[in-house]
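Each chain, written out:
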Amino acid sequence: MLVVAALLMPVAAAADDGAETSALARQVVSLSVAPGIDGRIERMIGDAVAKQPADKQAEVRTSLSTAATGIREDLLKVFAGYYAGSFSSAELKELLAFYQGPLGQKALRVEEQKPAAVNAQIEQQIMKLVTLLNAIRPAP
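As the structure is a prediction and not an experimental result, all values here were calculated from the model.

S.K.: I'd like to hear about the overall build of the protein chain, residue by residue, with values.
M.R.: Secondary structure assignment for the protein chain yields 6 helices and 0 strands. Along the protein chain, from the amino end to the carboxyl end, the secondary structure elements read α-α-α-α-α-α. A fraction of 72% describes how many contacts in the protein chain between residues 6 or more apart in sequence connect residues 24 or more apart. When the accessible surface of the protein chain is summed, it comes to about 10,200 Å², and 65% of that surface belongs to carbon and sulfur atoms.

S.K.: Pulling in residues and values, what's your account of the pattern of salt bridges?
M.R.: Scanning the entire structure with this criterion turns up 5 salt bridges. We note a salt bridge from Lys 114 to Glu 111, for which the minimum N-O separation is 2.7 Å. A network of salt bridges, in which partner residues are shared, links Asp 38, Arg 72 and Glu 73.

S.K.: Which residues make up the nonpolar core, and what values go with them?
M.R.: Core analysis: the largest hydrophobic core is formed by 19 residues, its most contacted members being Val 28, Val 29, Tyr 83 and Leu 92. Once residues lying within four places of it in the same chain are set aside, the contact partners of Val 29 are Ala 34, Leu 76, Phe 79, Ala 80 and Tyr 83.

S.K.: Summarise a nonpolar patch on the surface; cite the residues concerned and give the values.
M.R.: There is a patch of nonpolar side chains on the surface, built from Ile 122, Ile 126, Met 127 and Val 130 and spanning about 340 Å² of accessible area. Position of Met 127 relative to the elements: it lies in helix H6 (residues 116-135).

S.K.: Before we move on, can you summarise the environment of Ala 19 with the specific residues and values?
M.R.: Its place among the elements puts Ala 19 in helix H1 (residues 2-32). Overall, Ala 19 belongs to the partly exposed group, its relative accessible area being 44%. Placed 65 residues apart in sequence, Ala 19 and Ala 84 show a C-alpha to C-alpha distance of 9.5 Å.

S.K.: Would you mind going over the side chain of Thr 21 in detail, with residue names and values included?
M.R.: Take Thr 21: it is sitting in helix H1. The contact partners of Thr 21, leaving out residues within four places of it in the chain, are Ala 84, Phe 87, Ser 89 and Leu 92.

S.K.: Tell me about helix H3 (residues 57-86), and name the residues and values.
M.R.: A rise of 1.5 Å per residue sets the reference length of H3, with its 30 residues, at 44 Å; its end C-alpha atoms lie 41 Å apart and thus fit the reference within 8%. Along its length, H3 reaches its greatest deviation from straightness, about 30°, at Thr 69. All buried positions along H3 are accounted for by Val 60, Ala 68, Leu 76, Ala 80 and Tyr 83.

S.K.: Provide a residue-level description of the side chain of Asn 119, including the pertinent values.
M.R.: Looking at the element boundaries, Asn 119 is found in helix H6. You can call Asn 119 buried: its relative accessible area is 12%. Sequence-distant contacts of Asn 119, that is, excluding residues within four places in its chain, are made with Arg 43 and Lys 114.

What counts and what doesn't
Per chain, the residues get numbers from 1 upward, laid out in the order the sequence is written. Thresholds applied to this predicted model are a pLDDT of at least 70 for local features of residues and 80 or more for the giving and counting of side-chain atom pairs; totals over whole chains, interfaces and linings are not thresholded and use all residues. Here the side-chain values reflect all heavy atoms present in the structure, with hydrogen atoms and water set aside. Secondary structure elements are taken from DSSP: a helix is a run of H or I of four residues or more, a strand is a run of E of two residues or more, and numbering for both begins at the N terminus. Only heavy atoms matter for contacts: two residues are in contact if any of them lie within 4.5 Å across the pair. Only the protein chains shown count as cover for residues, and the accessible areas themselves come from Shrake-Rupley with a 1.4 Å probe. The term salt bridge refers to a pairing of a side-chain nitrogen on Lys or Arg with a carboxyl oxygen on Asp or Glu at a separation within 4 Å. Only buried Ala, Val, Leu, Ile, Met, Phe, Trp, Tyr and Cys residues count toward a nonpolar core, and they belong to the same one when joined by side-chain atoms within 4.5 Å. Partly exposed describes any residue whose relative accessible area lies between the buried limit of under 20% and the exposed limit of over 50%, with all areas from a 1.4 Å probe on protein chains only and scaled to the type maximum. Residues qualify for a patch when their relative accessible area is over 30% and they have no salt bridge, like charges being joined within 9 Å and the nonpolar side chains of Val, Leu, Ile, Met, Phe, Trp and Tyr within 5 Å. Helix span, expected: 1.5 Å multiplied by one less than the number of residues in the helix. Throughout, bend refers to the angle between the axes fitted to the seven residues that end at a position and the seven residues that start at it.

Treat this as a map of the structure, not an account of what it does.
Structure representation (structure tokens):
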């Protein structure tokens, strides 16, 4: 019985480490990635709502926000899984400490408080790239 327990201990320890790594990854993603995703989703919904008649905007906003909730959660799960596979528990703890510290908090604020003009410039450059990529025709 002791032999079986001794053989299973590394498996249990690995499972505990995997659970810890996953939990840490979720925390890091919640601090570092989620705000950006939330901002992007809100801007996209705002753009879509602005194209609707004034009397339909509130209804459309509610509907889109509800629909986007599941997509947001799926995106965060993808990021958390990726982070859990890319960083060790120790590295995730360091990232968590950074994002919870003053410099990490400032970095998040700076990213989230970009002026609309900066966001517009970023989107403009992305659209140039998309246009360039869409213009490429497959070789015969």
